[in-house]
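Structure assessment
So you can see what is in the structure, the chains are spelled out below.
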Amino acid sequence: QVQLVESGGGSVQAGGSLRLSCAGSGYTYSRYCMGWFRQAPGKEREGVAGIHNGGGVTRYADSVKGRFTISRDNAKNTLFLQMNSLKPEDTAMYYCAADPSRCLSLTQYEYKYWGQGTQVTVSS
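From a predicted model like this one, the values you see are computed outputs, not experimental measurements. (Residues numbered from 1 in each chain as written. Predicted model: local features only at pLDDT ≥ 70, side-chain atom pairs only at ≥ 80, totals over all residues. Heavy atoms only, no water.)

**Structural notes on the overall build of the chain**
Tallying secondary structure elements over the chain gives zero helices and 11 strands in all. Going residue by residue from the N terminus, the α and β elements of the chain occur as β-β-β-β-β-β-β-β-β-β-β. Rg of the C-alpha trace for the chain: 13 Å, near the compact-globule value of 14 Å for 124 residues, within the 12% margin. Along the first, second and third principal axes, the C-alpha atoms of the chain reach 40 × 30 × 25 Å. The buried share among the 124 residues of the chain stands at 44%. Taken as a whole, the chain presents about 6200 Å² of accessible surface, with 44% of it coming from carbon and sulfur. With 13 positive and 9 negative side-chain charges, the chain shows a separation of 4 Å between the mean positions of the two kinds. (Helix = DSSP H or I, 4+ residues; strand = E, 2+ residues; numbered from the N terminus. Rg over C-alpha atoms; globule rule 2.2 N^0.38 Å. Buried < 20%, exposed > 50% of the residue type's maximum accessible area, 1.4 Å probe, protein only. Areas by Shrake-Rupley, 256 points an atom, 1.4 Å probe, with all protein chains shown as cover. Lys, Arg positive; Asp, Glu negative; His and termini not counted. Charge placed at Lys NZ, Arg CZ, Asp CG, Glu CD.)

**Details of the environment of Thr118**
Tracing the chain through its elements places Thr118 in strand β11 (residues 118–123). For the pair formed by Thr118 and Tyr94, sequence separation is 24 residues and the distance between their alpha carbons is 5.3 Å. Ignoring sequence-local partners within four residues, the contact set of Thr118 consists of Glu6, Ser7, Gly8, Gly9, Leu20, Ala92, Met93 and Tyr94. In terms of polar contacts, Thr118 uses its side chain to reach the backbone amide nitrogen of Gly9, at 3.1 Å. (Contact = heavy atoms within 4.5 Å. Polar contact = N/O pair within 3.5 Å; in protein donor to acceptor, adjacent residues only side chain to side chain.)

**With respect to the packing of aromatic side chains**
Two aromatic rings, taken as a pair, are described by how far apart their centres are and by the angle between their planes. Within this structure, the stated rule accounts for six aromatic pairs. A centroid spacing of 4.5 Å and a plane angle of 65° characterise the contact between Tyr27 and Tyr32, whose relative ring orientation is edge-to-face. Judged by its relative accessible area of 12%, Tyr27 falls in the buried class. Arranged with centres 6.2 Å apart and planes meeting at 45°, the rings of Tyr32 and Tyr113 form a pair that is tilted. Placement of the pair is Tyr32 in the loop between β3 (18–25) and β4 (33–39) and Tyr113 in strand β10 (residues 113–114), with a sequence separation of 81 residues. Looking at Tyr113, the relative accessible area reads 22%, which means it is partly exposed. Among the aromatic residues, those joined into a ring-pair cluster are Tyr27, Tyr29, Tyr32 and Tyr113. Above the plane of the ring of Tyr95 lies Arg45, whose end atom (NZ or CZ) is 3.8 Å from the centre. One residue, Arg45, lies across the ring of Trp114, its end atom 4.8 Å from the ring centre. (Phe/Tyr/Trp six-rings, centres within 6.5 Å; stacked < 30°, edge-to-face > 60°. Lys NZ or Arg CZ within 6 Å of the ring centre and 35° of its normal.)

Written out as structure tokens, the structure reads:
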């Protein structure tokens, strides 16, 4: 079955950086579009970034443009999210998601498979 496992979360001070990873298994990774989402306490899950299955096309939420970079290594079945210039408002549980057809969507309801999440906490 499809499995997505996130890692790389942690606690950092504002202005710092983190790199999240998401390892996929149980499906043909290179055929699936992927995305990163986040959910802060009391808030709805929001899309952060999406990437086409080939990796050449990406899309970002306005709140992270210029600070976050999504990428993927199809040879290693791994998705990444490089997060720089982190702000306290970036604090959330971060999830990766996969779907065979919903490329570049930042809407959670359009992704079929989800990981369990990794916590990111940014202190001021």
